[in-house]
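Below are the chains, spelled out letter by letter.
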Amino acid sequence: MSRLAVMAIIVENQESTKELNSLLHSYCEYIIGRMGIPYREKGVSLVSVAIDAPQDTIAALSGKVGNIPGISVKTAYSNLITDDEQN
C-alpha cells in the first residue's frame, strides 16, 4: 500500500543541507517532486517534498530528516491509499 504525503522542511543550519540532499536522493524513487525556497533575510531555507510511498517509508524518511541537526520537519498525509502495483 502506498500513500501520498507532503513533507515541510525548515533548514536553519545551512551546513546540514548536504546531508539533507544526500538523504532525499537516497529516497528518490518515491519522491514526486521537491521545491526549495531560500529565505536569505532570515538565514533559513524552506523545502517541500511530495512523496508517494508506503507509510512506514515516509515515516522513516521523516524521522531521519528530523534527526539532522538544524532541521525541522512535519509531514501531512493524504487519505488517498493505493496499491503498490498501480504506481
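Here, every reference points to the structure presented above.
What counts, and where the lines are drawn
- Residues numbered from 1 in each chain as written.
- Predicted model: local features only at pLDDT ≥ 70, side-chain atom pairs only at ≥ 80, totals over all residues.
- Heavy atoms only, no water.
- Helix = DSSP H or I, 4+ residues; strand = E, 2+ residues; numbered from the N terminus.
- Rg over C-alpha atoms; globule rule 2.2 N^0.38 Å.
- Buried < 20%, exposed > 50% of the residue type's maximum accessible area, 1.4 Å probe, protein only.
- Contact = heavy atoms within 4.5 Å.
- Arc of directions from axis to C-beta.
- Pairing = 2+ DSSP bridges.
- Core = buried A, V, L, I, M, F, W, Y, C linked by side-chain atoms within 4.5 Å.
- Axes fitted to C-alpha atoms, helices over the stretch in contact; angles between N-to-C directions.

Let us look at the overall build of the protein. Assigned secondary structure in the protein consists of two helices and four strands. What you see in the protein, going N to C, is helices and strands ordered as β-α-β-β-α-β. In summary, the protein has a C-alpha radius of gyration of 13 Å against a globular reference of 12 Å for 87 residues, a match within 12%. Overall, the C-alpha framework of the protein stretches about 45 × 20 × 15 Å when taken along its three principal axes. Counting across all 87 residues of the protein, residues that qualify as buried make up 32%. Here the contacts in the protein between residues at least 6 apart in sequence split such that 70% fall between residues at least 24 apart.

What follows is about helix α1 (residues 17-26). Residue pairs spaced three or four apart in an α-helix point in one direction, given the helix's 3.6 residues per turn. Among all positions in α1, only Leu20, Leu23 and Leu24 are buried. For α1, the buried positions fall inside an angular range of 100° around the axis, keeping them on one side. Along α1, exposed side chains directed more than 90 degrees from the buried face belong to Lys18 and His25. Here the buried face of α1 lies against β1 (2-11), β2 (31-39), β3 (44-53), α2 (55-66) and β4 (71-82).

Turning next to the pairing of β3. Where β1 meets β3, nine bridges bridge the pair, whose relative direction is antiparallel. From the neighbouring strand, Ala5 faces β3, where its bridge partner is Ile51. Sheet analysis places β2 next to β3, joined by eight bridges and oriented antiparallel. When the bridges of β3 are listed, Tyr39 appears paired with Val44. In this antiparallel pair of consecutive strands, β2 and β3, the connection spans four residues, and Gly43 shows a positive phi of 70°.

Ile9, Leu20, Val49, Leu61, Val65 and Ile71 are the most contacted members of the largest nonpolar core, which totals 19 residues. Going through the elements one at a time, β1, α1, β3, α2 and β4 are the ones with two or more residues in this core. The residues contacting Ile9, other than those within four sequence positions of it, are Leu20, Ser45, Leu46, Val47, Val49, Val65, Ile71, Ser72 and Val73.

With that settled, the discussion passes to the sheet that holds β4. Spatially, the four strands line up as an open sheet ordered β2-β3-β1-β4, and their pairing is antiparallel. With one partner strand each, in any of the chains shown, β2 and β4 form the two edges of the open sheet. Strand-to-strand, the axes of this sheet are offset by a mean angle of 10°, without reference to chain direction. Taken together, the nine bridges between β1 and β4 define a ladder with antiparallel strand orientation. For Val11, the partnering residue across the bridge sits in β4 and is Ile71. Along the sheet, α2 contacts β1, β3 and β4; its crossing angle with β4, the most-contacted strand, is approximately 170°.

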